[in-house]
Amino acid sequence: MASSEGLSVSTVPKDVDRTWLDHMHEWVSTVDHKRLGVLYIFSGLFFFILGGLEATAMRAQLAIPANDLVEPAEFNRLFTMHGTTMVFLVGMPIVTGFGNYLIPLMIGARDMAFPRLNAWGFWMFFFGGIVLYMSYFASMGLYGAGTAPDVGWFAYSPLTGRAFSRGNATDYWILGILISGFGSMSGAINMLTTTLTMRCPGMTMRRIPLFVWMMLVVSFLMLLALPVLTAAQVMLLFDRFLGAHFFDTQAGGDAVLWQHFFWFFGHPEVYILIVPGFAYASEIIPVFSRKVIFGYVTMVAASICIGLVAVGVWAHHMFTVGMGRGLDIWFAIITMVVGIPTGIKLFNWIATMYGGKIRFRVPMLFAIAFIGQFLLAGLTGIMLSGAPFTWQLSDSYFVVAHFHYVLIGGLLFTVFGACYFWFPKMFGWMMSERLGLWHFVLFFIGFHLTFTTMHIQGLLGMPRRIYTYEPDRGWAIWNAITSAGVVLQGLGVAFFLLAIFMAFRQKKPAGPDPWDAWTLEWSTSSPPPEYNFLSLPEVRSRRPLWDLKHPEDPDWEHE
Amino acid sequence: MNQSAVEPIDMGTWNRGRVGMLCLIFGESMFFSIFVVAYLFYIGKSGHGPQPSEVLSFPYLATACLLSSSITAGLAVRFIARSHRWLAVLVLAITIGLGASFIAFTAVEWYGLIVDHGLTIRTNLFGTTFYSLVGFHAAHVIVGLCMLSLIFCLLVAGAVRSEHAERVEMVTWYWHFVDAVWIVVFSVVYIIGT
Ligand code: HEM
Ligand SMILES: [Cu+2]
């Protein structure tokens, strides 16, 4: 089913006596951007299940007051592994995976600029993840002082010093993330270079899909932020193994320096995770509204703005360490400035839908939910950017609600949308609308039960990262609702997995262009042949497929 | 209906090798920046142990070696492009020699610091930041030397011809970058820091 063109560059003969070992070998040794993309996405989903189980364990513990299901030390490990997994082993690979799969197809290229580097990057990420999880088995090591790391996803100093983190669990955290970071950096180099140098004839920078523009911004941020984390982690390794004093307060080192380094990485990182969400929404919304995206150029400008401003706001995560009035004010103002380009984007998506013939298919449902949820997330973000407000609510469940609204309500919803949207392209089969609808409804309700109520717990003063609480605090009912929502979300995800499974079983053919879309990836077969395009496409507008389908009224006459 | 012409994308000399190398250099600069920031931040904060002004002396010779090696590396690319094989072998050998002497000077300096002054990475903040910053730079020089030596061997074997000049040039970009980092490092460590 791969290629109708009959010209195959694969070395393995198609469908003749291939054992599963041959298949495995093909997947393991592949340098094809599409296969690597799929590997990225599916390993991201695998880690997503792990991270989700960790979250479920925490919510089970917190469902009722004074519970003793999970012991305190184990709770610390759970939130550390959950946060680390979700950011580095779920968000990053899924984002890189879609980028890998789609960028060459969208700009009319036959592969990424550096296919081998691409494969190297994937395996670095994957083994980095394995190293992190090895801690459960291997880090008992010398002192028997714990299994998984328990220092939180931002691993604040001096908790990570030898004196407070005995054993090797913290080292597994450092090394796992450091190794997978190399993968993301090489992925970023690849995506940047591919976009800049491999575009097909006519695909000027003013015509590349918004997805590609936004991934360009993301790659830039990855390349800017990840080396910073790597450097800080190397310093921490030196502290722990060589007796250096970077973050060792007893020898004059400064624990706050770690916070600066971490968040100088960390804030761009949160944009690395949300801008791809913007990218998926910017492709899905126009197709299902049957309209051109509103304000292409402003969208690009806003993305670049966000990318640049995101570099200068990191210390809004540090309002409570006592940076002083001047810095507090600076970081508060510059953080609020991010709201402007972000708001522009929201208006553009809404304007795209306005007056369109909206088709409420599953990808579109996720995208619409994304718009509302991301708006709320941005608003709590703006609230938190007021330093005095954060003094009250930092380290409370309000912050947890804020960033889950962004990461789930924003990123994960669009990732689900993107899965339903591009799955037919990747595998050639449609996913079931009905199962998708169940997935959406359950996940939507569950998400709001869990995370909308978290705002209230936060305002009522419940600190984050506590393993239990007394019954007389008035938090019990809210926590019960929060935990109940998890059940619905879990069910939703089960429907998602079922939908994937059923798609492979039912084999409902998708054809090259199931959504009547306009960008280049839909011009080739589903799944695309190894070489993507038999002859390189020639592009005259931002919607090359529209031009093909409507020769009487092509876009390039209007742009 | 007039079809607007489809212009092929022309990035000039900016092919993927160059763009990729620039990206790598950008990432590496971010990595070094953090060590530089840490160094600057901790200047004068070592309570005890040797202080920079007592034990560091300006590395004139090492600096001269490294900076001039950039020039010979550039020449090597030119000679390869023009198929002057043995001239290329010669300047490349000089480049590698200069780079290796830089490492040798560093080794001598470190030996003095460790043995005569008792300064190690665990002594104080100066030791911590000094060895990691200068050490990472030296490590990059060594990586560069490995790549240059590989080219040298291939060149002697006749496997590097004029059509490979561009690839060799990419390696020299890396080498120039390492050089540029050294300018920052010596400004920070030997001028500002003392
Ligand atoms: C309108 C834009 C945004 C603003 C103004 C904003 C503002 C803030 C502020 C001030 C905090 C610090 C709260 C505290 O620690 O007390 C924070 C935390 C956080 N934000 Fe945002 N944010 C925005 C968007 C985002 C996005 C897009 C993401 C991720 C995709 C994100 C993820 C996070 C995370 C993960 C934290 C908590 C980190 C932690 O303490 O573990 N935010 N945000
Ligand atoms: Cu932030």
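Only a predicted model underlies this, so the values are computations on that prediction, with no experimental measurement involved.

## What to know about the overall build of chain B
Then comes step 1: In terms of helices and strands, chain B carries six helices and zero strands.
Then comes step 2: The secondary structure elements of chain B, listed N-terminal to C-terminal, are α-α-α-α-α-α.
Then comes step 3: Its C-alpha atoms give chain B a radius of gyration of 21 Å, more than 25% over the compact-globule value 16 Å for 194 residues.
Then comes step 4: Taking the principal axes of its C-alpha atoms as reference, chain B extends roughly 75 × 50 × 20 Å.
Then comes step 5: When the 194 residues of chain B are sorted by exposure, 49% land in the buried category.
Then comes step 6: For chain B, the proportion of contacts with a sequence separation of at least 24, taken over those separated by at least 6, is 83%.
Then comes step 7: For chain B, the computed accessible surface area is about 9100 Å², with 68% contributed by carbon and sulfur atoms.
Then comes step 8: For chain B, the centre of its 9 positive side-chain charges and the centre of its 10 negative side-chain charges are spaced 7 Å apart.

## A word on the coordination of the copper ion (ligand 2)
All names here are of chain A.
Then comes step 1: The copper ion (ligand 2) binds to the protein through His267 (ND1), His316 (NE2) and His317 (NE2); the donor distances cover 1.8 to 2.0 Å.
Then comes step 2: For the copper ion (ligand 2), the donor residues sit on a single chain with the sequence spacing H-x48-H-H.
Then comes step 3: The distance between the copper ion (ligand 2) and the iron atom of ligand 1 is 4.4 Å. On the criterion of sequence distance, the pair formed by His267 in helix H7 (residues 255-289) and His316 in the loop between helix H8 (296-309) and helix H9 (325-353) is long-range, its members being 49 residues apart.
Then comes step 4: His316 sits in the buried class, given a relative accessible area of 14%.

## With respect to the packing of H7(A) against helix H12 (residues 397-427) of chain A
Residues and elements named next belong to chain A.
Then comes step 1: Put simply, H7 and H12 touch, their axes get as near as 9 Å, and they point 45° apart. Comparing their axes, H12 and H7 come out oblique. In this structure, H7 crosses over H12, and the sense of that crossing is left-handed. For the pair H7 and H12, the contacting residues are Leu273, Ile274, Gly277, Tyr280, Ala281, Glu283, Ile284, Val287 and Phe288 in the first and Val406, Leu407, Gly410, Leu411, Thr414, Val415, Gly417, Ala418, Phe421 and Trp422 in the second.
Then comes step 2: Looking at the contact of H7 with H12 residue by residue, the class counts come to 14 nonpolar, four polar and one charged.

## Considering the side chain of His439(A)
All names here are of chain A.
Then comes step 1: Turning to its location among the elements, His439 is positioned in helix H13 (residues 433-459).
Then comes step 2: A polar atom in the side chain of His439 sits 2.7 Å from the side chain of Tyr420.
Then comes step 3: With near-sequence residues (within four places) excluded, His439 lies in contact with Phe366, Phe416, Tyr420, Gly492, Val493, Phe495 and Phe496.

## Examining empty space enclosed by the protein
Empty pockets left among the atoms are what a rolling probe the size of a water molecule brings to light.
Residue and element names in this part refer to chain A.
Then comes step 1: Counted by the stated rule, this structure contains six cavities of 30 Å³ or more.
Then comes step 2: In this structure, the largest cavity spans a volume of roughly 220 Å³.
Then comes step 3: Residue lining of the largest cavity: 19 residues in total, with Glu283, Pro286, Ile293, Thr519 and Arg543 positioned closest to the centre.
Then comes step 4: Among the secondary structure elements, those contributing two or more residues to the lining of the largest cavity are H7 and H12.
Then comes step 5: For the lining of the largest cavity, the residue count by class is twelve nonpolar, two polar and five charged.
Then comes step 6: There is about 80 Å³ of room inside the second largest cavity.
Then comes step 7: In terms of lining residues, the second largest cavity is bounded by Ile41, Phe42, Leu45, Phe98, Cys419, Phe423, Met426, Phe427, Met431, Phe496 and Ile500.
Then comes step 8: Within the residue set of the lining of the second largest cavity, elements represented by two or more residues are helix H2 (33-62), H12 and helix H14 (476-506).
Then comes step 9: For the lining of the second largest cavity, the element with the highest residue contribution is H12, accounting for four residues.

Definitions and cut-offs
Residues numbered from 1 in each chain as written. Chains lettered and ligands numbered in written order. Predicted model: local features only at pLDDT ≥ 70, side-chain atom pairs only at ≥ 80, totals over all residues. Heavy atoms only, no water. Helix = DSSP H or I, 4+ residues; strand = E, 2+ residues; numbered from the N terminus. Rg over C-alpha atoms; globule rule 2.2 N^0.38 Å. Buried < 20%, exposed > 50% of the residue type's maximum accessible area, 1.4 Å probe, protein only. Contact = heavy atoms within 4.5 Å. Areas by Shrake-Rupley, 256 points an atom, 1.4 Å probe, with all protein chains shown as cover. Lys, Arg positive; Asp, Glu negative; His and termini not counted. Charge placed at Lys NZ, Arg CZ, Asp CG, Glu CD. Donors = N, O, S within 2.8 Å, 3.2 Å for Na, K, Ca; no water. Axes fitted to C-alpha atoms, helices over the stretch in contact; angles between N-to-C directions. Parallel < 35°, antiparallel > 145°, perpendicular 65-115°, else oblique. Left-handed = near helix turned anticlockwise from the far one by under 90°. Nonpolar A, V, L, I, M, F, W, Y, C, P; charged D, E, K, R; others polar. Polar contact = N/O pair within 3.5 Å; in protein donor to acceptor, adjacent residues only side chain to side chain. 1 Å grid on protein atoms, 1.4 Å probe; cavity = no way out; pocket = protein on both sides within 12 Å on 5 of 7 lines; lining within 4 Å. Points joined across faces, edges and corners; volume = space filled by probe spheres on them.

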